Amino acid sequence: MTALPSITKGTRIGWIGTGVMGVSMCGHLMAAGHPATVFNRTRAKAQALLDQGAAWADSPRAVAEASDVVFTIVGYPEDVRRVYFEPDGVLAGLAPGRIAVDMTTTSPSLAVEIDAAARKLGARALDAPVSGGDVGAKNAALSIMVGGEADVFQAVLPLFERLGRIILHQGAAGCGQHTKMCNQIVIAGSMIGVCESLLYATRAGLDPQAMLAAISKGAAGCWSLENLAPRILKGDFAPGFMIDHFVKDMGIALEESRRMGLELPGLTLVNSLYVEAAKAGQGRQGTQALFLALQRLAKA
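In short, a report on the structure. Note that the structure is a prediction, hence the values are computed from the model and not measured. (Residues numbered from 1 in each chain as written. Predicted model: local features only at pLDDT ≥ 70, side-chain atom pairs only at ≥ 80, totals over all residues. Heavy atoms only, no water.)

What about the packing of helix 13 (residues 243-259) against helix 14 (residues 265-282)?
Packed helices, taken two at a time, are described by their axes: the angle between them and the distance between them.
In step 1: One can describe the packing of helix 13 onto helix 14 by two numbers: an axis separation of 10 Å at closest approach and a directional angle of 150 degrees. On the basis of their axis angle, the class for helix 13 and helix 14 is roughly antiparallel. Seen along the crossing, helix 13 lies across helix 14 with a hand that is left-handed. Here Ile243, Asp244, Phe246, Val247, Met250, Gly251, Ala253 and Leu254 of helix 13 lie close against helix 14, whose contacting residues are Leu267, Thr268, Val270, Asn271, Tyr274, Val275, Ala277, Ala278 and Gln282.
In step 2: For the contact of helix 13 with helix 14, the class distribution of residues is twelve nonpolar, four polar and one charged. (Axes fitted to C-alpha atoms, helices over the stretch in contact; angles between N-to-C directions. Helix = DSSP H or I, 4+ residues; strand = E, 2+ residues; numbered from the N terminus. Parallel < 35°, antiparallel > 145°, perpendicular 65-115°, else oblique. Left-handed = near helix turned anticlockwise from the far one by under 90°. Contact = heavy atoms within 4.5 Å. Nonpolar A, V, L, I, M, F, W, Y, C, P; charged D, E, K, R; others polar.)

Structural data, given as structure tokens:
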């Protein structure tokens with residue numbers, strides 16, 4: 001197997017997917033001195049990075065050809081498959097010794113497939129989904145869950161450290177994605193709790209702000225309560241993480257659960273509520289917009 005790149009200030013990075021999180025994440029690596037080549041289906045969404053000095057590539061393949069380490073963070077498993085496996089995809093341009101890092105939340109089986117395909121080329125791959133939303137991306141405070149070989153993880157770790165605060169190797173290819181499913185299962189439960197607590201507080205005649213101050217530092221404390229409950233109270237349902245993408249994640253978790261013969265009734269319930277919210281036209285709002293769906297059910 002060809003030697004892995006040694007990460008230095010001049011290590012060339014590629015970035016595919018410059019959405020609400022990707023643009024901040026790539027920006028942190030550029031600020032650390034790494035020359036960047038970027039691609040996004042909508043070039044305008046990459047303009048901020050181009051203005052900072054990133055080079056534009058016309059395809060994922062061209063990004064891979066110009067990079068020592070290429071990162072991808074796109075929307076859905078089908079987008080990941082297209083970005084990696086089409087004739088102008090990452091794998092068509094990934095040279096021996098180069099590394100591809102998929103930070104999309106996608107299916108564990110697809111991560112295993114990408115890893116195997118990269119190995120056939122003499123290259124390497126990691127699956128490294130993240131948690132922390134737009135705030136975590138902007139503040140370089142993400143949690144990063146990494147699957148793949150330990151030596152590849154260690155090689156890329158200096159770059160991960162520019163993006164997140166909690167970076168843990170979870171095991172072989174696909175294990176990063178499995179860990180992210182665990183993360184999303186917890187978030188599903190916490191989000192319904194946060195939203196229903198706010199509905200209860202309002203119906204009981206409490207001051208919701210005072211209620212949050214009372215419970216947020218105790219046993220009920222969680223990221224969603226700290227970061228998303230205040231947005232709900234302000235009527236801010238803009239996406240840090242879109243409902244459509246969360247429905248996708250829960251669908252992957254439920255599919256994997258069925259494959260393992262595991263029933264998850266709590267996740268099934270929350271998924272059904274989010275599916276209804278998406279059908280009601282809220283799919284591109286943030287996950288905190290579950291409050292609006294529950295509010296309609298409660299006729300609050």
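Section: the nonpolar core
In step 1: Trp15, Met25, Phe71, Val101, Met103, Ile144 and Phe160 are the most contacted members of the largest nonpolar core, which totals 36 residues.
In step 2: Among the elements of the structure, strand 1 (13-16), helix 1 (22-31), strand 2 (36-39), helix 2 (47-51), strand 4 (69-72), strand 5 (99-102), strand 8 (142-147) and helix 8 (150-160) are those that each provide at least two residues to this core.
In step 3: Here the element with the most residues in this core is helix 8; it accounts for seven residues.
In step 4: Setting aside chain neighbours within four positions, we find Met103 in contact with Trp15, Met25, Phe71, Thr72, Ile73, Ala128, Pro129, Val130, Ile144, Phe160 and Leu163.
In step 5: One finds Leu225, Ala229, Ile243 and Ala293 within the second-largest nonpolar core, a separate group that totals 34 residues. (Core = buried A, V, L, I, M, F, W, Y, C linked by side-chain atoms within 4.5 Å. Buried < 20%, exposed > 50% of the residue type's maximum accessible area, 1.4 Å probe, protein only.)

Examining the environment of Ser131
In step 1: Relative to the assigned elements, Ser131 resides in strand 7 (residues 130-131).
In step 2: Sequence separation between Ser131 and Ile144 is 13 residues, and the spatial gap between their C-alpha atoms is 6.7 Å.
In step 3: Not counting chain neighbours up to four residues away, the residues in contact with Ser131 comprise Leu142, Ser143, Met145, Asn183 and Ile187.
In step 4: A distance of 3.2 Å separates the side chain of Ser131 from the side chain of Asn183, its partner in a polar contact. (Polar contact = N/O pair within 3.5 Å; in protein donor to acceptor, adjacent residues only side chain to side chain.)

As for the side chain of Ser224
In step 1: Considering the arrangement of structural elements, one finds Ser224 in helix 11 (residues 223-227).
In step 2: Of note is the side chain of Ser224, whose polar atom sits 3.4 Å from the side chain of Ser190.
In step 3: Leave out the neighbours within four places in its chain, and Ser224 touches Ser190, Met191, Val194 and Ala229.

Let's talk about the pairing of strand 6 (residues 124-127)
In step 1: Residues of strand 6 alternate between two faces, with Arg124 and Leu126 on one and Ala125 and Asp127 on the opposite face, all of them buried.
In step 2: Bridge analysis of strand 5 against strand 6 gives four bridges, and the strand direction is parallel. In the strand pairing of strand 6, Ile99 is matched with Arg124.
In step 3: A crossover links strand 5 with its parallel partner strand 6, the connecting element being helix 6 (residues 108-120), and its sense is right-handed. (Pairing = 2+ DSSP bridges. Right-handed = clockwise from strand over helix to strand, strands pointing away.)

Some points on the side chain of Thr37
In step 1: As for its position among the elements, Thr37 is in strand 2.
In step 2: Discounting chain neighbours no more than four positions away, the residues touching Thr37 are Ile13, Gly14, Trp15, Ala55, Trp56, Ala57, Val63, Ala66 and Ser67.

Concerning the pairing of strand 2
In step 1: Both faces of strand 2 are covered, namely the face carrying Ala36 and Val38 and the face carrying Thr37 and Phe39.
In step 2: Pairing of strand 1 with strand 2, which is carried by four bridges, proceeds in the parallel orientation. The residue of strand 2 that forms the bridge with Ile13 is Ala36.
In step 3: Taken together, strand 1, helix 1 and strand 2 constitute a β-α-β crossover, and its handedness is right-handed.
In step 4: One ladder, built from two bridges, connects strand 2 with strand 3 (residues 55-56); its direction is parallel.

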